[in-house]
Amino acid sequence: MTTNGDLLGRYGHALLGVFGTPALVVDRGEGCYVWDVDGKRYLDLLAGIAVNALGHNHPELVGAVSKQVGEVVHVSNFFTTRAQIGLAEALLRAAGAPDGSRVFFTNSGTESMEAAIKLARRTGRPGLIAAHGAFHGRSTGALALTAKAAYREPFEPLLPGVTHIPYGDPAALAAALTPEVGAVVLEPIQGEAGVIEPPPGYLQRVRELTRDAGVLMIVDEVQTGIGRTGDWFAFEGAGIVPDAITIAKGLGGGVPIGALMTFGPEVSGLLQPGMHGTTFGGNPLACAAGLAVMATITRDGLLEHSARVGEEFADAVRALDHPLISGVRGRGLLRGITLTEPVAPTAAARAREAGFIVNPVAPDVLRLAPPLIITGAELTTFVDALPGLLDAATS
Ligand SMILES: *Cc1c(COP(=O)(O)O)cnc(C)c1O
């Protein structure tokens, strides 16, 4: 029989080592559960890092993708398809985008950020501002916006002109808005930094400052978008209209797709015919997946659902009143459980042994980003197990 151990040995001899040794060899999934090749079942509280919005083997996603495969998978961007147009319209509606707004499809969050960087360059001002703690991707452009030194330094020099400022500090932004700056790029909640929310009013203040300075405000919704925080997009909670947003992760429910959305005719006019492109971006297979995800979120009320079960989950974890838990951050179904000691990696390993997939996003933060279809009862099984997992992580 092929076991996790055998396959991971083969992995080590075949795959480039950038991800280290994976924890599991996953065989299949159903709903919010996955099984490894040894037949062990796990409650998937990470959903492929905020990707599998409808969980695993969801009939709507399977049906839509299967149907599209049998019709047409790829047509090039010399042509378009019903699926591509339909998904762009659905995204514009979901975002409440003003007239003249447009969508450019990509295959990943990183590519969405690259498109956003090119959009920003078209202001004629090459400077970019991003935040400490920011994660925007790993290509040499997106990496220049990403803050973490360990990711950046082996590859320098990167795209020049990027300034990193403290997240959540409007005065720091005001001071950094020099005449060279074309755009400010921010996550509405910093996912990779440990599910960090800015102080109330921050995004509104950023909108005012960027509008006054004539600088683009680009919101990276790659992790927070598509219902993750209980709204279609996290910027909605701030009552602002950014100039552009980037999306990816949850949009295809696991099928690779991303997008840059440009808001209003002026910003949308910055990228003219021939200025940007992609072979796979916007292909009908990925767009059919995106349409199935968005239609199912709407049909099943998953925005309200993720807001409600996410809040109930956070309350239940706080009510544990466990000495190792200092708090719960985030919104909807993007959550960080903060710990009083740096035991998140050990706690995540104990959780995996007990059949729960969670992510130690920082030494003292456990991140959860489960499928939007997860039930309160499924979340409760983890809440009930959590005190024991934390105790086992420190003993
Ligand atoms: C994951 C992520 C990215 C990069 O997306 P990829 O699909 O991995 O290229 C960019 N920004 C944010 C906020 C992310 O969470």
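As recorded by an unreviewed UniProt entry, the protein chain carries the name Acetylornithine aminotransferase and is attributed to Nostocoides jenkinsii Ben 74. Here the protein chain is described in UniProt, under the heading Catalytic activity (unreviewed entry), as follows: "N(2)-acetyl-L-ornithine + 2-oxoglutarate = N-acetyl-L-glutamate 5-semialdehyde + L-glutamate". Its UniProt record gives the protein chain a comment under Sequence similarities (unreviewed entry), which states: "Belongs to the class-III pyridoxal-phosphate-dependent aminotransferase family. ArgD subfamily."

**Student:** Would you mind going over the site of the ligand with me for this structure?
**Tutor:** Near the ligand the following residues occur: Ser108, Gly109, Thr110, Phe135, His136, Gly137, Glu187, Asp220, Val222, Gln223 and Lys249. If the ligand stood free it would expose 380 Å²; the protein chains cover 82% of that surface. Along the lines of polarity and charge, the residues of the shell around the ligand split into two nonpolar, six polar and three charged.

**Student:** Sorry if this is basic, but what is going on with the UniProt feature "binding site: N(2)-acetyl-L-ornithine" (unreviewed entry) in the protein chain here?
**Tutor:** Taking the UniProt record as the reference, the feature "binding site: N(2)-acetyl-L-ornithine" (unreviewed entry) is found at Arg138 and Thr278. Discounting chain neighbours no more than four positions away, the residues touching Thr278 are Asn77, Phe104, Phe105, Asn107 and Glu111.

**Student:** Teacher, can you tell me more about the domain arrangement of the protein chain here?
**Tutor:** By convention, interface size is frequently given as the accessible area that disappears when the constituent parts associate. Each assigned domain of the protein chain is listed here: domain 1 (4–57 + 301–393) and domain 2 (72–299). If you average the C-alpha positions of domain 1 and of domain 2, the two centres end up 26 Å apart. Contacts between domain 1 and domain 2 engage 25 residues on the former and 28 residues on the latter. Of the roughly 2200 Å² buried at the junction of domain 1 and domain 2 (both faces included), carbon and sulfur atoms supply 58%. When the buried area of domain 1 at its contact with domain 2 is split by residue, Leu303, Arg331 and Leu334 rank highest and sum to 31% of it. At the boundary of domain 1 and domain 2, one finds two salt bridges. Residue Glu197 pairs with Arg331 through a salt bridge whose shortest N-O separation is 3.5 Å. Counting across the domain 1 and domain 2 interface gives 14 residue pairs in polar contact (both at pLDDT 80 or more). Among the secondary structure elements, those contributing two or more residues to the side of domain 1 that touches domain 2 are α2 (47–50), α12 (302–320), β11 (325–331), β12 (334–339) and β15 (365–368).

**Student:** Quick question: what am I supposed to make of the pattern of salt bridges here?
**Tutor:** When charged atoms on two side chains of opposite charge get close, those side chains can pair. What the rule picks out here adds up to 12 salt bridges. Residue Arg299 pairs with Glu60 through a salt bridge whose shortest N-O separation is 2.8 Å. Separated by 239 residues along the polypeptide, Arg299 in helix α11 (residues 284–299) and Glu60 in helix α3 (residues 59–71) bring together distant segments of the chain. Arg299 gets classed as exposed once you look at its relative accessible area, which sits at 52%.

**Student:** Looking at this structure, I do not really get the sheet that holds strand β6 (residues 162–165). What am I missing?
**Tutor:** The pairing of strands in a sheet happens through backbone hydrogen bonds and is either parallel or antiparallel. Reading across the sheet, the seven strands line up as β4-β10-β9-β8-β7-β5-β6 and stay open at both edges, with mixed pairing between neighbours. In the strand order of this sheet, the two ends are held by β4 (102–106) and β6, each with one partner. Neighbour-to-neighbour, the strand axes of this sheet turn through a mean angle of 20 degrees, independent of strand direction. Sheet topology places β4 next to strand β10 (residues 258–262); five bridges connect them, and they run antiparallel. Counted as the bridge partner of Arg102 is Thr262 from β10. Each of β4, β9 (244–247) and β10 is contacted by helix α4 (residues 82–94), which is oriented at about 120 degrees to β4, the strand it contacts most. On the sheet, helix α5 (residues 109–121) packs against β4, β5 (127–131), β7 (181–186), β8 (216–220), β9 and β10 and is oriented at approximately 25 degrees with respect to β10.

Conventions we followed
- Residues numbered from 1 in each chain as written.
- Predicted model: local features only at pLDDT ≥ 70, side-chain atom pairs only at ≥ 80, totals over all residues.
- Heavy atoms only, no water.
- UniProt positions renumbered as here; feature names shortened; annotations may be inferred.
- Near = heavy atom within 4 Å.
- Areas by Shrake-Rupley, 256 points an atom, 1.4 Å probe, with all protein chains shown as cover.
- Nonpolar A, V, L, I, M, F, W, Y, C, P; charged D, E, K, R; others polar.
- Contact = heavy atoms within 4.5 Å.
- Domains from an automatic or database assignment.
- Buried area = accessible area lost by both parts, 1.4 Å probe.
- Salt bridge = Lys/Arg side-chain N within 4 Å of Asp/Glu carboxyl O.
- Polar contact = N/O pair within 3.5 Å; in protein donor to acceptor, adjacent residues only side chain to side chain.
- Helix = DSSP H or I, 4+ residues; strand = E, 2+ residues; numbered from the N terminus.
- Buried < 20%, exposed > 50% of the residue type's maximum accessible area, 1.4 Å probe, protein only.
- Pairing = 2+ DSSP bridges.
- Axes fitted to C-alpha atoms, helices over the stretch in contact; angles between N-to-C directions.

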